[in-house]
Amino acid sequence: MRAAGQAAASVLNMIGEHVQPGVSTGQLDETCHRYIVDELQCIPAPLNYSPSRHQPPFPNATCISVNQVVCHGIPSKRKILRKGDIVNIDITVIKDGFHGDTSKMFLVGKPRAFAQKLVGVTQECLYRGIRAVRPGARLGDVGHTIQIHAEAHGYSVVQEYVGHGIGRKFHDAPTVFHFGLPNTGEKLIEGMAFTIEPMINLGTRHTRVLGDKWTVVTLDRKLSAQWEHTILVTADGFEVLTKRDDETI
Ligand code: MF3
Ligand code: CO
Ligand code: CO
């Protein structure tokens, strides 16, 4: 799980310099896909991922979600990044049978102050959720911490999409809600691995899925941000399996 996590993290490090005005999300996906397969010798887990019979298999190696897209954005040659965009790139790789799942926000040019603030507060929501992880704590403590921080800034927490247990399976138990009440939910035990991946909206928490059956957008088309890490519960707290070198959590 450590090796899978670090492989996924390395893709986000690699792609940063490519996120520029004028580049398409399809090109970014292709660059990540090549790197995952050729350099890392890993499998991109989203490609052809088929979680339900109500959705077609996911068509790409990565999810790239721009501005009002909450998650599961489908990369496209026709979607060109512009100055001021905020972009989530979500990477999941399979290494030796284990999954590492992580995403971060990228700024294209210099987005407006309110957009940059949403991105920063959402990252802090993730970090506060992570810091609530230790044996004996409960998943409701994690969700509550995230919700309180988001709502303190007037933002809303998406409820329809959640963090998840992860390991040999991409999406496993438990369900990790990004909202909730302290002292509720499953108790954390050393050795559990799961993702925390809050999606925080500037306006309404409500979402809709586009006709492609994947792309999730905010109902009011206002901005949404997301950051994700894969976390291990350790004897004395947590280990961030997908941590990048530039991060202190
Ligand atoms: N990486 C996403 C997550 O964090 C899942 C993407 S599913 C896909 O759970 F099929 F869209 F790739
Ligand atoms: Co995930
Ligand atoms: Co992900």
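Below or above, wherever it landed, is the structure these notes cover. Quantities reported herein were computed from a predicted structural model and do not represent experimental measurements. Here the residue numbers are simple positions, counted from 1 along each chain's written sequence. By the order in which they are written, chains take letters starting at A while ligands take numbers starting at 1. Given that this is a predicted model, residues contribute local features only at a pLDDT of at least 70 and side-chain atom pairs are listed and counted only at 80 or more, while totals for whole chains, interfaces and linings are drawn from all residues. Note: side-chain values were computed over all heavy atoms of the structure, leaving out hydrogens and water.

1. Some points on the packing of helix H1 (residues 2-15) against helix H2 (residues 25-39)
Running from N to C, H1 and H2 point in directions that differ by 135°, and their axes come no closer than 10 Å. Here H1 is positioned oblique relative to H2, judged by the angle of their axes. Helix-helix and strand crossings are classified by hand; for H1 and H2 the assignment is right-handed. Of the residues in H2, those touching H1 at Ser-10, Val-11, Met-14 and Ile-15 are Leu-28, Thr-31, Cys-32, Tyr-35 and Ile-36. Each residue is assigned to one class: nonpolar for Ala, Val, Leu, Ile, Met, Phe, Trp, Tyr, Cys and Pro, charged for Asp, Glu, Lys and Arg, and polar for all the others, Gly among them. Looking at the contact of H1 with H2 residue by residue, the class counts come to seven nonpolar, two polar and no charged. Angles shown run from 0 to 180 degrees and are taken between the N-to-C directions of axes, each axis being a line fitted to C-alpha atoms and, for helices, limited to the stretch in contact. A helix here means a DSSP run of H or I that spans at least four residues, while a strand means a run of E at least two residues long, and both kinds are numbered starting from the N terminus. For classification, angles of less than 35 degrees are called roughly parallel, those exceeding 145 degrees roughly antiparallel, those between 65 and 115 degrees roughly perpendicular, and all remaining angles oblique. For a crossing to be left-handed, the near helix must be turned anticlockwise from the far one by less than a right angle; the clockwise case is right-handed. By definition, residues are in contact when any of their heavy atoms lie within 4.5 Å.

2. Here's the deal with the site of ligand 1
In the vicinity of ligand 1 there are 14 residues, among which Pro-46, His-164, His-171, Glu-197 and Glu-228 approach most closely. Whenever a nitrogen or oxygen atom comes within 3.5 Å of another N or O atom, the pair is scored as a polar contact, on the condition that within protein one atom can donate a hydrogen and the other can accept it, and that pairs from neighbouring residues in sequence are kept only if both atoms are in side chains. The contact in question runs from an oxygen atom of ligand 1 to an N or O atom on the side chain of His-171, over 2.7 Å. Glu-197 places a side-chain nitrogen or oxygen 2.7 Å from an oxygen atom of ligand 1. Alone, ligand 1 offers 340 Å² of accessible surface; in the complex the protein occludes 97% of this. If even one non-hydrogen atom of a residue comes within 4 Å of a molecule or strand, that residue is called near it. Accessible areas in this description were obtained via Shrake-Rupley with a 1.4 Å probe; residue shielding takes into account the shown protein chains only.

3. Digging into the coordination of the cobalt ion (ligand 3)
With water omitted from the atoms examined, metal sites may look incomplete; donors here are N, O and S atoms no farther than 2.8 Å from the metal, or 3.2 Å in the case of Na, K and Ca. Distances from the cobalt ion (ligand 3) to its protein donors, Asp-90 (OD), Asp-90 (OD), Asp-101 (OD) and Glu-228 (OE), fall at 2.0 to 2.4 Å. For the cobalt ion (ligand 3), the six donor atoms are set out with angles of 59 to 165° between them, so the coordination reads as irregular. Summarised as a motif, the one-chain spacing of the donors to the cobalt ion (ligand 3) is D-x10-D-x126-E. Separating the cobalt ion (ligand 3) and the cobalt ion (ligand 2) is a distance of 3.4 Å, and Asp-101 donates to both of them. Of this pair, Asp-90 sits in strand E4 (residues 86-95) while Asp-101 sits in strand E5 (residues 98-107), and the two are 11 residues apart along the sequence. You can call Asp-90 buried: its relative accessible area is 11%. When four donors show all angles between 85 and 135 degrees the site is tetrahedral, when four or six donors have opposite pairs over 155 degrees and all other angles between 65 and 115 it is square planar or octahedral respectively, and in every other case it is irregular. With a 1.4 Å probe rolled over the protein chains alone, any residue whose accessible area is under 20% of its type maximum counts as buried; one over 50% counts as exposed, and the rest are partly exposed.

4. Focus on the pattern of salt bridges
Between Lys or Arg on one side and Asp or Glu on the other, a salt bridge is scored when a side-chain nitrogen of the former is within 4 Å of a carboxyl oxygen of the latter. On inspection of all chains with the given rule, the structure shows seven salt bridges. A salt bridge links Arg-34 to Asp-38, with the shortest nitrogen-to-oxygen separation between them at 2.9 Å. Note that Arg-34 and Asp-38 are positioned in helix H2 at a spacing of four residues, about one turn of the helix. Residue Arg-34 is classed as partly exposed on the basis of its relative accessible area of 46%. On the basis of relative accessible area, Asp-38 is assigned to the partly exposed category, the value being 42%. For the salt bridge of Arg-131 with Glu-124, the shortest nitrogen-to-oxygen distance reads 3.6 Å. With a relative accessible area of 42%, Arg-131 lands in the partly exposed category. Ionic contacts of the salt-bridge type, sharing partners, join the residues Glu-124, Arg-128 and Arg-131 into one network.

5. A look at the packing of aromatic side chains
Two aromatic rings, drawn from Phe, Tyr or Trp (for Trp, its six-membered ring), form a pair once their centres lie within 6.5 Å of each other, and the interplanar angle then sorts them: stacked below 30 degrees, edge-to-face above 60, tilted otherwise. By the definition in use, this model includes three aromatic pairs. Ring centres of Tyr-49 and Phe-170 lie 4.7 Å apart, and the angle between their planes is 50°; this geometry places the pair in the tilted category. Of this pair, Tyr-49 sits in the loop between strand E1 (43-44) and strand E2 (63-66) while Phe-170 is found in the loop between strand E7 (163-165) and strand E8 (172-176), placing the two residues 121 residues apart along the sequence.

6. Side note on the pairing of E8
In terms of strand pairing, E7 meets E8 through three bridges, oriented antiparallel. Bridge pairing links Gly-163 to Val-176 in E8. Here, a strand pair is defined by DSSP locating no fewer than two bridges between the strands.

7. Digging into the coordination of the cobalt ion (ligand 2)
Protein coordination at the cobalt ion (ligand 2) comes from Asp-101 (OD), His-164 (NE2), Glu-197 (OE) and Glu-228 (OE), with a distance range of 2.0 to 2.2 Å. If you look at the cobalt ion (ligand 2), its six donor atoms make angles of 52 to 162° with each other, and the shape they trace is irregular. For the cobalt ion (ligand 2), the single-chain donor residues occur in sequence as D-x62-H-x32-E-x30-E. The exposure class of His-164 is buried, given its relative accessible area of 5%.

8. Comments concerning the environment of Asn-67
Position of Asn-67 among the secondary structure elements: in the loop between E2 and strand E3 (69-71). When the C-alpha positions of Asn-67 and Ala-225 are compared, they lie 7.6 Å apart, and in sequence the two are 158 residues distant. Residues within four places of Asn-67 in sequence aside, it is in contact with Asp-85, Ile-86, Leu-223 and Ser-224.

The values are spatial; any link to function lies outside them.
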